[in-house]
Amino acid sequence: MSNLSPWTFLHTQLHRTLRSRRILPASQRLLVAVSGGQDSLCLIQLLLDLQPKWHWQIAMVNCDHRWRSDSQANADYIEQLANYWQIPFYRETAAIIPATEAAAREWRYQVLTEIAQSHNYAYIVTGHTKSDRAETLLYNLIRGSGSDGLQALTWQRPLDSRSTNSITLVRPLLDITREQTGNFCQEKALKIWVDSTNDDLHYARNRIRHEVLPYLQTHFNPQVESHLAQTAELLRSEVNYLEEVTETLFQQVVFWENDSQNPLKINRLVLRQTHEAIKRRVSRKVLEKVMQKSANFEQIEKLTALIDAPNRTQTDPFPGGAIAIVDGEWIVFNFFSE
Ligand SMILES: Nc1ncnc2c1ncn2[C@@H]1O[C@H](COP(=O)(O)OP(=O)(O)OP(=O)(O)O)[C@@H](O)[C@H]1O
């Protein structure tokens with residue numbers, strides 16, 4: 001293992017991805033999230049090797065959820081690597097062990113964002129791969145997620161957009177498979193910290209990784225991982241386009257002063273001329289405003305049905321107490337306390 005490692009195909013691939021996608025501009029301060037697994041170790045080594053070309057200032061961060069008895073030793077190991085590479089290292093240990101995977105993730109992103117904010121890093125970089133993308137797409141498909149969930153893991157997304165110093169989460173390895181990161185670490189003699197929970201089949205994600213995808217590869221298509229990741233990529237641009245159209249229409253048809261004298265109203269005559277997919281998206285956006293949380297399939301269908309319904313048709317109360325009523329060319333929301 002050395003500070004800079006010899007150039008490989010993965011270096012070229014990442015360099016090209018960064019040039020064409022412009023997701024990690026030159027000379028920026030990068031906070032690289034390192035778990036000690038093969039993906040994030042491959043990521044940090046590649047970024048360090050590319051650093052002389054891009055002039056970034058690179059730091060590493062590890063979040064210890066305290067889920068495993070060796071988690072502290074894991075964090076110590078990553079700290080040793082950071083010392084060896086002579087780059088800044090941040091570590092945070094959970095005060096209370098998070099009860100679920102979702103709670104662990106939420107805590108982790110909160111910690112990452114806080115560290116990035118207080119130390120002035122504009123980019124948080126993670127080692128999500130093409131394989132993670134394929135698994136996430138399958139997982140979300142099974143859970144009944146619409147196309148928004150199937151675009152699964154985007155190249156970048158804003159974290160904490162409320163803050164003035166906005167921080168972007170970047171996933172530069174989405175073109176690279178787990179097999180490639182594993183081979184890379186082996187070639188570079190990078191010692192991987194094996195996460196024993198990755199093999200625990202109680203977690204749905206692990207079952208998809210260890211059983212469903214290998215089954216699909218063997219019996220349906222050896223390229224299934226790449227095909228699923230490509231589908232996610234295509235859906236990403238389609239979803240972006242649909243969202244742009246929805247946003248423009250939303251501004252034209254939805255009127256809301258956010259006070260009790262002027263209830264939210266939607267011009268259904270304009271909406272009638274648009275495609276079913278956009279009607280649903282506008283309805284979903286309206287309901288998210290009205291209910292202050294995500295809308296489910298039935299709620300979106302109920303509101304969308306009012307676009308063509310007879311005058312005075314109304315819905316049952318939505319969570320939060322609002323009822324939507326057809327009033328001529330308008331759909332009007334009346335708020336009643338539950
Ligand atoms: N404990 C950790 N400390 C720092 N970074 C981490 C940690 N766990 C995961 N990461 C970062 O997140 C990436 C994805 O890891 P993993 O697939 O285990 O997380 P996940 O919870 O499934 O992902 P998501 O962030 O999409 O919820 C890693 O490559 C690494 O960059």
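Residues numbered from 1 in each chain as written. Predicted model: local features only at pLDDT ≥ 70, side-chain atom pairs only at ≥ 80, totals over all residues. Heavy atoms only, no water.

*Asks:* Quick question: what am I supposed to make of unusual backbone geometry here?
*Replies:* As a rule of thumb, non-glycine residues mostly have phi less than zero, and peptide bonds are mostly trans rather than cis. The backbone of Ser 27 shows a phi angle near 65°, a positive value even though the residue is not glycine. Residue Ser 27 is classed as partly exposed on the basis of its relative accessible area, which comes to 46%. (Buried < 20%, exposed > 50% of the residue type's maximum accessible area, 1.4 Å probe, protein only.)

*Asks:* Can you help me understand the nonpolar core in this one?
*Replies:* Counting residues in each nonpolar core, the largest one holds 39 residues, and the members touching the most others are Leu 24, Ile 44, Leu 47, Trp 56, Ile 58 and Met 60. Those elements giving two or more residues to this core turn out to be α1 (9-21), β1 (29-33), α2 (38-54), β2 (57-64), α3 (71-85), β4 (123-125) and α7 (178-187). Among all residues touching Leu 47, those that are not within four sequence positions of it are Leu 14, Leu 24, Val 32, Trp 56, Ile 58 and Val 125. Leu 249, Val 254, Leu 271 and Ile 307 belong to the second-largest nonpolar core, a separate cluster that totals 25 residues. (Core = buried A, V, L, I, M, F, W, Y, C linked by side-chain atoms within 4.5 Å. Helix = DSSP H or I, 4+ residues; strand = E, 2+ residues; numbered from the N terminus. Contact = heavy atoms within 4.5 Å.)

*Asks:* Just checking my understanding: could you explain the site of the ligand for this structure?
*Replies:* Near the ligand lie 16 residues; those nearest to it are Ala 33, Cys 63, Arg 105, Arg 108 and Tyr 109. At a separation of 2.6 Å, an oxygen atom of the ligand approaches a polar backbone atom of Ala 33. Between the ligand and the protein, one listed contact pairs an oxygen atom with a side-chain N or O atom of Arg 108 at 2.8 Å. For the ligand, whose accessible area on its own is 620 Å², the fraction buried by protein is 82%. Counting only elements with at least two residues in the shell around the ligand, the list comes to β2 and α4 (101-118). Here the shell around the ligand is built from residues that sort into six nonpolar, seven polar and three charged. (Near = heavy atom within 4 Å. Polar contact = N/O pair within 3.5 Å; in protein donor to acceptor, adjacent residues only side chain to side chain. Areas by Shrake-Rupley, 256 points an atom, 1.4 Å probe, with all protein chains shown as cover. Nonpolar A, V, L, I, M, F, W, Y, C, P; charged D, E, K, R; others polar.)

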